[in-house]
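This is what each chain is made of:
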Amino acid sequence: MTYCYRKLYLSTQYMKIIFIILGMLLMSQNLLADISSEENKKVQASQFTKVVADYKLPEVNVVRQDGKKLSFLKELNDGRPVILNFVFISCSAICPMLSHILSKVETQLTKDGQKFHLITISIDPENDTPSALTVYAKKFDAGVNWDFYTSTREASLTIQKAFKAFRGDKMNHASLIFLRPFAGKSWVRLEGFMSPDDVVAEYNAMLKTQ
Amino acid sequence: MSSKIVDSLNIDLKSLDRKSKRGLFSVLLVTMISLVGVEISAASPNPDEVEIGRKIYMEGVLPSGELLKGVRQGAVQVEGAQAACETCHRRSGMGSLEGNFAVPPITGRFLFANEDDRPLALVDTRQPKDITRAHKPYAESTLSKAIREGVDVDGKDMNLLMPRYALNDNEVKAVTTYLRQLSSELAPGVGNDSLHFATIITQNVKPEKSDVMVKMLKAAFGQRNSSQQTYSGRMRMPLDLIPRQLRKWELSVWELKGEPETWAEQLSEYYRREPVFAVISGVSNGTWSPVSKFCQQEKIPCLLPSVALPPDEPSFYSLYYSKGVALEASVLANHLRAKDKNKPRRIVQIYRDDEVGRGAVKVLSEALKDSSVKVENRIFPEKLSENLKNIFKGLSSNDTVMLWLKPTDLVAVNKENHKQFPRVIYVSGFLAEEDYGFVSKEWKEHVRVVYPYELGEKRRKNIAGMQQWLKSWSIPLVDQVFQSEVFFDVLLLTDLSSQMIDNFYRDYIVERAEDMLGIGSNFSAYPHLSLSRGQRFASKGAYIGRFGSDGKLVADSEWIVPE
């Protein structure tokens, strides 16, 4: 973990601002003693870092859950703000956690009448076929604004590397969510434990600063 | 366990020498009472309680039938199967690595270990120095705090990946009982200074193949056994620095004779005589089903045998390189479907009426069911004779065939059919076993091989390591693909066992293989091997190959991964 952070800090060309949101971690234990356990959990929920970064994204093809072969760039640049993450279906803890969060985020943003596109990319594409992704989408109640993509192994690796999300193999996947208001703008990179509310807040903050 | 207790008793006696006789007596008495207590609680955990614990741990179901619920990140709840402890701590209880988060082992052995008997585990293999840290032994009260409040034995808040569970006292107690018995004893085949494996050879396998497999395994085992003795001298990997029991690897060769219906009995007999920790490699020309059933029943990991058609039955303990001819059939279907307007009107499958042939034919027929390609199946005659003509009746030079046949049969077909033959002749890369002698000059343009391995320069590079190794052990190269599978298998086994330290539990080795297989350099004949939780086939695609002008097989398609 320290390893990837160090790398982030060093590669200044990819980042403009660093916010480190330290919730619980920095608060002293004494302070916490007075907080009820419910609040305690809420504060804890904010253990994530936020980095604004530019990524050079590759011209590769992806296959959507309905089997349609599409250009990755076109999918990203269809005019809607994008919320993007990486998963693999057989991943047991981190990916379901992220998918749960995105499911809640989709519900909230839809309720708020927002236009957006949730994009989930498989990092185990040979296993995660379109039909397997369709089943996965259903499991997390994915609505019309949330698409899942598979690809060749090479294309998936290329995309992960472009987002600096590749850590050597699929075992090393991290808890990452990327946000971008529209094509040509920088990405907001969230890493760590975030709640759906955190993501919605970050999303709204991002749109506001445009 | 009991010898440890005796040891500690000896120490007690020695240190007590100076004390009064009365003191000695009372200590002995206390020790004996606690011994009895330990024996009772270890020997007979309440089976009902274990079952309640198992349901919570494995399935996320409470005794009331309601789903287990955990809270994480304030708003996000997990429940049922997703909340089950097994999701993260795994079936063996030995933990796993979830992205950047180490999930620690939580078996009784690890949770309640005393200061002087502290087991070690390596959760994050990227950080061999970071072996699971010794922590204070949990008590039932601190354990319940860990599960319900997410506070560990040192009073530290655990990270948010570990959910906080709403379990009542009885449920926590049941989980605790389950954890106490989970992975509590080393598996059969694991001795104090030995680790026993078997490999399996079924009938009708070419002797040069089975011989070379046994030679390779024995050489690799010998190499490993001699290098292990030098841990203290030459340490090559940080992993080797972790203190562990030295165990000599032993190999048994189990040959199965006669009808497959009798194999189960033969396997049981072999196993009764010499229990093994796992089955490594193995080879069959036809069915593998009895072996897979046996492995599942006895809970023996069967790691990567070389078989043409893995049984189509779910099995936790059997891992395979691929689905064999079934994979080829799906790839071919995919390839034909993608041809759009150039799709053949029909495809004629010619096959031997055995398990492998029938299996392949069935998969392709089903995969093309709702397409415009008509599938027709013809059985290759049992004995080569004039009735070979029958299977080509009505076939013209406009036709497409798929020959699910082995080289000897292919030669016969080519001889019969060298003048007027179908336009496209697909053959199986698995069954051809790299023997393309049947491809006559006339056929060359027409043959396409469904080829589940890597081709060209990449292939050459990947298997160079194996060739070097064979040379250094003076082992002949008989079958490149097959031998590279055996080679990969021993490398995997070496890695896994070294990562497992002394925790030789069967579920654990399967979990490690799921997580680690294919990570690192690729020494195999496949483009890419990988497994994951629940995945049982490490390679998932194939090329369609054709013969280049130099007679070499080249890719005529992308790497095709079927739906």
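Everything below is about the structure printed above this text.
What counts, and where the lines are drawn
Residues numbered from 1 in each chain as written. Chains lettered and ligands numbered in written order. Predicted model: local features only at pLDDT ≥ 70, side-chain atom pairs only at ≥ 80, totals over all residues. Heavy atoms only, no water. Helix = DSSP H or I, 4+ residues; strand = E, 2+ residues; numbered from the N terminus. Buried < 20%, exposed > 50% of the residue type's maximum accessible area, 1.4 Å probe, protein only. Contact = heavy atoms within 4.5 Å. Areas by Shrake-Rupley, 256 points an atom, 1.4 Å probe, with all protein chains shown as cover. Axes fitted to C-alpha atoms, helices over the stretch in contact; angles between N-to-C directions. Left-handed = near helix turned anticlockwise from the far one by under 90°. Nonpolar A, V, L, I, M, F, W, Y, C, P; charged D, E, K, R; others polar. Buried area = accessible area lost by both parts, 1.4 Å probe. Salt bridge = Lys/Arg side-chain N within 4 Å of Asp/Glu carboxyl O. Polar contact = N/O pair within 3.5 Å; in protein donor to acceptor, adjacent residues only side chain to side chain. Pairing = 2+ DSSP bridges. Phe/Tyr/Trp six-rings, centres within 6.5 Å; stacked < 30°, edge-to-face > 60°. Lys NZ or Arg CZ within 6 Å of the ring centre and 35° of its normal. Core = buried A, V, L, I, M, F, W, Y, C linked by side-chain atoms within 4.5 Å. Expected span 1.5 Å × (residues − 1). Disulfide = S-S within 2.5 Å.

K.L.:
Before we go on, may I ask you to explain the overall build of chain A in this structure?
P.N.:
The helix and strand tally for chain A stands at eight helices and nine strands. Here chain A, with 210 residues, has 56% of them falling under the buried criterion. Long-range contacts, defined as pairs at least 24 residues apart, comprise 73% of the intrachain contacts of chain A with a sequence gap of at least 6. Accessible area for chain A stands at about 9,700 Å²; split by element, carbon and sulfur atoms hold 56% of it.

K.L.:
Please explain the packing of helix H16 (residues 480-500) of chain B against helix H17 (residues 506-516) of chain B as it appears in this structure.
P.N.:
Two numbers describe a pair of packed helices, the interaxial angle and the distance between the axes. All names here are of chain B. It is at 10 Å that the axes of H16 and H17 come closest, and there the two elements cross at 115°. In this structure, H16 crosses over H17, and the sense of that crossing is right-handed. In contact with Leu493, Leu496, Gln499 and Met500 of H16, H17 contributes Tyr508, Ile509, Arg512, Ala513 and Met516. A class-by-class count of the residues in the contact of H16 with H17 yields seven nonpolar, one polar and one charged.

K.L.:
Explanation requested: the interface of chain B and chain A in the structure shown.
P.N.:
Size of an interface, as often reported, equals the accessible area lost when the parts are brought together. Of the residues lining the interface, 34 residues belong to chain B; the matching set on chain A comes to 38 residues. Between chain B and chain A lies a buried interface of about 3,200 Å² when both sides are counted; carbon and sulfur atoms form 56% of it. Taken together, the connections running from chain B to chain A amount to zero salt bridges. Where chain B packs against chain A, one counts ten residue pairs in polar contact (both at pLDDT 80 or more). Listed by contribution, the elements that provide at least two residues to the side of chain B that touches chain A are strand S1 (69-72), strand S2 (76-79), helix H4 (86-89) and strand S3 (96-98) of chain B. Among the residues making up the side of chain B that touches chain A, the classes are represented as 13 nonpolar, twelve polar and nine charged.

K.L.:
What am I meant to see in the sheet that holds strand S13 (residues 400-404) of chain B here?
P.N.:
Whether parallel or antiparallel, the strands of a sheet pair through hydrogen bonds between backbone atoms. Residue and element names in this part refer to chain B. The seven strands lie next to each other as S12-S11-S13-S14-S15-S16-S17, forming an open sheet whose pairing is mixed. Looking at strand neighbours, the two that pair on one side only are strand S12 (374-379) and strand S17 (553-555), the edges of this open sheet. Mean inter-strand twist for the sheet, computed between neighbouring axes without regard to direction, equals 30°. Across six bridges, strand S11 (residues 346-351) lies against S12 in parallel orientation. Within the sheet, the bridge partner assigned to Ile350 lies in S12 and is Arg378. Sheet strands touched by helix H12 (residues 355-367): S11, S12 and S13. Its angle to S11, the strand with the most contacts, is close to 165°.

K.L.:
Honestly, unusual backbone geometry in this entry has me stumped. Any pointers?
P.N.:
Backbone geometry follows two general trends: most residues other than glycine have a negative phi, and most peptide bonds adopt the trans configuration. Residues and elements named next belong to chain B. A positive phi angle, near 70°, is found at Arg90, a position not held by glycine. Within the secondary structure, Arg90 sits in the loop between H4 and S3. Judged by relative accessible area, Arg90 falls into the buried class, the value being 2%. If you check the backbone angles, Ser183 has positive phi at about 45° while not being a glycine.

K.L.:
Quick question: what am I supposed to make of the environment of Pro58 of chain A here?
P.N.:
All names here are of chain A. Assignment of secondary structure puts Pro58 in the loop between strand S2 (47-53) and strand S3 (61-64). Under the relative-accessibility criterion, Pro58 is labelled buried at 12%. A C-alpha to C-alpha distance of 16 Å links Pro58 and Phe178, two positions 120 residues apart in sequence. Contact partners of Pro58, with chain neighbours within four places excluded, come to Phe72, Leu73, Thr158, Ile159 and Ala162.

K.L.:
What's the story with the packing of aromatic side chains in this structure? I'm lost.
P.N.:
When we look at a pair of aromatic rings, we describe it by the centre distance and by the angle of the planes. All names here are of chain B. As enumerated under the stated definition, the model contains 35 aromatic pairs over all chains in all. Among the aromatic side chains, those forming a connected cluster through ring pairs are Tyr321, Phe430, Tyr451, Tyr453, Phe488 and Tyr526. For the cation-ring pair, Arg180 lies above Phe112, with the distance from its terminal atom to the ring centre recorded as 4.1 Å. Above the plane of the ring of Phe482 lies Lys209, whose end atom (NZ or CZ) is 4.9 Å from the centre.

K.L.:
Quick question: what am I supposed to make of the nonpolar core here?
P.N.:
Burial of nonpolar side chains together is a common tendency in soluble globular proteins. Counting residues in each nonpolar core, the largest one holds 115 residues, and the members touching the most others are Phe197, Phe277, Ile347, Leu403, Trp404, Tyr436 and Trp443 of chain B. With ten residues, the single largest contributor to this core is H16 of chain B.

K.L.:
Looking at this structure, I do not really get the pairing of S3 of chain A. What am I missing?
P.N.:
Moving residue by residue along a regular strand, the side chains alternate between the two faces of the sheet. Residue and element names in this part refer to chain A. By the bridge criterion, three bridges tie S3 to strand S4 (residues 69-71) in an arrangement that is antiparallel. Residue pairing in the sheet places Asn61 in a bridge with Ser71 of S4. If you look at the hairpin formed by S3 and S4, you'll find four residues sitting between the two strands, and Gly67 has a positive phi there, around 90°. Here S3 runs beside strand S7 (residues 146-150); their pairing, made up of two bridges, is antiparallel. Note that in S7 the partner of Val63 across the bridge is Thr150.

K.L.:
In this structure, what is going on with the pairing of strand S6 (residues 194-201) of chain B? I would like to understand it.
P.N.:
Residues and elements named next belong to chain B. Most of S6 sits out of view: eight of its eight residues are buried. Every second residue of S6 is oriented toward a common face, with Ser194, His196, Ala198 and Ile200 on one face and Leu195, Phe197, Thr199 and Ile201 on the other, all of them buried. By the bridge criterion, eight bridges tie S6 to strand S7 (residues 248-255) in an arrangement that is parallel. Within S7, the residue paired with Phe197 across the bridge is Leu251. Pairing of S6 with strand S8 (residues 278-280) involves two bridges; the strand directions are parallel. Following the sheet pairing, Phe197 is matched in S8 by Ala278.

K.L.:
Could you clarify how one ought to interpret helix H5 (residues 94-111) of chain A in this entry?
P.N.:
Each α-helix turn comprises 3.6 residues. Residues three or four places apart therefore point the same way. Residue and element names in this part refer to chain A. With 18 residues, H5 extends 26 Å between its outermost C-alpha atoms, agreeing within 8% with the 26 Å of an ideal straight helix rising 1.5 Å per residue. Every buried residue of H5 is accounted for by Ile94, Cys95, Pro96, Met97, Leu98, Ser99, Ile101, Leu102, Ser103, Val105, Glu106 and Leu109. In the segment just after H5, Gly113 is the residue with positive phi, at about 70°.

K.L.:
Sorry if this is basic, but what is going on with the state of the cysteines here?
P.N.:
In a disulfide, the sulfur atoms of two cysteines are held together by a covalent bond. Residue and element names in this part refer to chain B. By the definition in use, this model includes two disulfides over all chains. Shown here is the disulfide that connects Cys295 with Cys302, its sulfur atoms set 1.9 Å apart. Here the S-S torsion is close to -55°, and the disulfide linking Cys295 with Cys302 is therefore left-handed. We note that Cys85 lacks a disulfide partner, and the nearest cysteine sulfur, in Cys88, lies 9.0 Å from it. According to the relative accessible area criterion, Cys88 is buried, its value standing at 14%.

K.L.:
I tried to follow the pattern of salt bridges on my own but got confused; where do I start?
P.N.:
Any two side chains of opposite charge can pair, given that their charged atoms come close. Residue and element names in this part refer to chain B. Following the criterion strictly, the structure yields 32 salt bridges over all chains and no others. One salt bridge connects Arg533 with Glu86, and the closest N-O pair in it is separated by 2.9 Å. Highlighted residues: Arg533 in the loop between H17 and strand S16 (543-547) and Glu86 in helix H4, separated in sequence by 447 residues. Assigned by exposure class, Arg533 and Glu86 land together as buried.

Note that every value here comes from positions in space, so none of it alone points to a role or purpose.
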